[in-house]
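# Remarks on the overall topology
So the chains spell out like this:
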Amino acid sequence: MVETLVADEYFTSPDFPIAIVHVPSRLPVCNMHRHEFAELAIVFAGKAIHCTEQASYPIETGDIFFLRGQQVHGFRDIEALDIANLIFRPERLSIGWHYLRTLPGYHALFALEPSYRQQHAFLSRLHVDMEALADIAGLITQMQEELDRRDAGYEPIVLAHFSHLLVHLARCYSRMTTPIAQHVLRVAAAVSYIETNFPQAITLRELSDIAFMSPFTFLRVFKQAMGLSPIAYLINTRVRKAVDLLHESSHGITDIADAVGFTDSNYFARQFKAIMGISPRAYRQHLGILREPATASRLLKKHE
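We now turn to the structure provided with this report. Model, not experiment: these values are computed from the prediction.

Calculation notes
Residues numbered from 1 in each chain as written. Predicted model: local features only at pLDDT ≥ 70, side-chain atom pairs only at ≥ 80, totals over all residues. Heavy atoms only, no water. Buried < 20%, exposed > 50% of the residue type's maximum accessible area, 1.4 Å probe, protein only. Helix = DSSP H or I, 4+ residues; strand = E, 2+ residues; numbered from the N terminus. Pairing = 2+ DSSP bridges. Core = buried A, V, L, I, M, F, W, Y, C linked by side-chain atoms within 4.5 Å. Contact = heavy atoms within 4.5 Å. Axes fitted to C-alpha atoms, helices over the stretch in contact; angles between N-to-C directions. Left-handed = near helix turned anticlockwise from the far one by under 90°. Expected span 1.5 Å × (residues − 1). Parallel < 35°, antiparallel > 145°, perpendicular 65-115°, else oblique. Nonpolar A, V, L, I, M, F, W, Y, C, P; charged D, E, K, R; others polar. Phe/Tyr/Trp six-rings, centres within 6.5 Å; stacked < 30°, edge-to-face > 60°. Salt bridge = Lys/Arg side-chain N within 4 Å of Asp/Glu carboxyl O.

### A closer look at the pairing of strand E4 (residues 38-52)
For E4, the buried fraction is high: 12 of the 15 residues fall into the buried class. Of the strand pairs in this sheet, E4 and strand E6 (residues 63-67) are connected by four bridges, and their pairing is antiparallel. Looking at the pairing, alanine 41 lines up with phenylalanine 65 of E6. Here E4 pairs with strand E5 (residues 56-60) via five bridges, running antiparallel. Pairing of alanine 48 across the sheet is with isoleucine 59, part of E5.

### So, the nonpolar core
The biggest cluster of nonpolar side chains holds 77 residues, and the ones touching the most others in it are Ile18, Leu40, Phe88 and Phe162. Per element, the largest residue contribution to this core is 10 residues, and it comes from helix H4 (residues 154-174). Setting aside residues no more than four positions away along its own chain, leucine 40 makes contact with Ile64, Phe65, Phe66, Ala84, Asn85, Leu86, Phe88, Phe110, Leu165 and Leu169. Listed in part, the 14 residues of the second largest apolar core include Val23, Ala48, Ile83 and Phe122.

### Examining the packing of helix H5 (residues 179-197) against helix H8 (residues 230-248)
As a packed pair, H5 and H8 sit with axes 9 Å apart at the nearest point and diverge in direction by 35 degrees. Crossing angle aside, the handedness with which H5 passes H8 is right-handed. Side by side, H5 and H8 meet where Val191, Ile194 and Glu195 of the first sit next to Pro230, Tyr233, Leu234, Thr237, Arg240 and Lys241 of the second.

### A short note on unusual backbone geometry
Phi at glutamine 70 is positive, roughly 75 degrees, even though this residue is not glycine. What makes glutamine 70 partly exposed here is its relative accessible area of 43%.

### Some thoughts on H8
The terminal C-alpha atoms of H8, which comprises 19 residues, lie 27 Å apart, in line with the 27 Å expected from a rise of 1.5 Å per residue. Of the residues making up H8, those classed as buried are Pro230, Tyr233, Leu234, Ile235, Thr237, Arg238, Val239, Lys241, Ala242, Val243 and Leu246.

### Overview of the packing of helix H2 (residues 104-116) against H5
H5 packs onto H2 with a crossing angle of 125 degrees between their chain directions and a minimal axis gap of 8 Å. By the angle between their directions, the pair H2 and H5 is classed as oblique. The interaxial crossing formed by H2 with H5 has right-handed handedness. Contacts between H2 and H5 involve Pro104, Gly105, His107, Ala108, Leu112 and Tyr116 from the former and His183, Val184, Leu185, Val187, Ala188, Ala189, Val191, Ser192 and Glu195 from the latter. Looking at the contact of H2 with H5 residue by residue, the classes come out as 10 nonpolar, four polar and one charged.

### A look at the packing of aromatic side chains
Tallying each qualifying case throughout the model produces 16 aromatic pairs. Seen in terms of ring centroids, phenylalanine 222 and tyrosine 233 are 5.8 Å apart; in terms of plane orientation they differ by 80 degrees. Their pairing is edge-to-face. Taken together, the positions of phenylalanine 222 in helix H7 (residues 215-226) and tyrosine 233 in helix H8 put the pair 11 residues apart, joining distant regions of the chain. Residue phenylalanine 222 is classed as buried on the basis of its relative accessible area of 0%.

### Notes on the pattern of salt bridges
Working definition: two side chains of opposite charge can pair if their charged atoms are close together. According to the stated counting rule, one finds nine salt bridges in the structure shown. Across the salt bridge formed by lysine 47 and glutamate 79, the nearest N and O atoms sit 3.9 Å from each other. On the criterion of sequence distance, the pair formed by lysine 47 in strand E4 and glutamate 79 in strand E7 (residues 73-88) is long-range, its members being 32 residues apart. One salt bridge in this structure joins glutamate 113 and arginine 117, with 2.4 Å as the shortest N-O distance. Across this residue pair, the class does not change: glutamate 113 and arginine 117 are buried. What you see here is one network of salt bridges that share partners, running through Glu146, Arg149 and Asp151.

Spelled out as structure tokens, the structure:
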């Protein structure tokens, strides 16, 4: 039976969803399990076999890989393993994800490598040298100390170290030179191009040229890795940016549509509703209700 690791048992505070868990090196096996959170595994020493439902892969010092929530996995043949699992809930973290999405290495590590893992037999994983591993260990140690002490203000310090770590890992992946990693990075560069140039008209030919593939091959590879066609990903990115503007600005719906790359505000409204389940105008009205100071008291009176 596969055990499910529950978030409440691992995060010290429900309002701060970052924690660090170490795999006990004395165990010969870590049974198959899934968890309600994302996990970034960093192998500081030793080796083991990492097992998933699809395949098993050897891991060693310097390996770093990402596991999405609910993914079943475990370890066996553990030998002097020192592995830190940085666990977190992305949907509850207020960090600069939009900046991270402009980095090819970020997409390579967190989106593409997990999708390619079985196809590439884990050869597209991030592997760093001892110097880079020492820098990563320093950041993890500082995060662990803050999480253990929980002094006043520990949360922004941990978030700063976490953001630093993600950027550092993205840069490390961008420096990978193996042929398989280079293949992943070419696709990641196309994803980053969308994230950076989303307001502009972007064609499949442009993106396939960035990835050094034919349009047909790129379309197949992109959809296999990202779960969406490049154009669908572009539309999703524009809608995501529109959501940010609805939160952060008072610009009109037409102006926001134009700012994120939709030349037709009606088409924008249709795409927004298809993705968000609500029109942009209704979404803004909903935001206004949530921001109204008297909302809570009105709701309380309503239920008295």
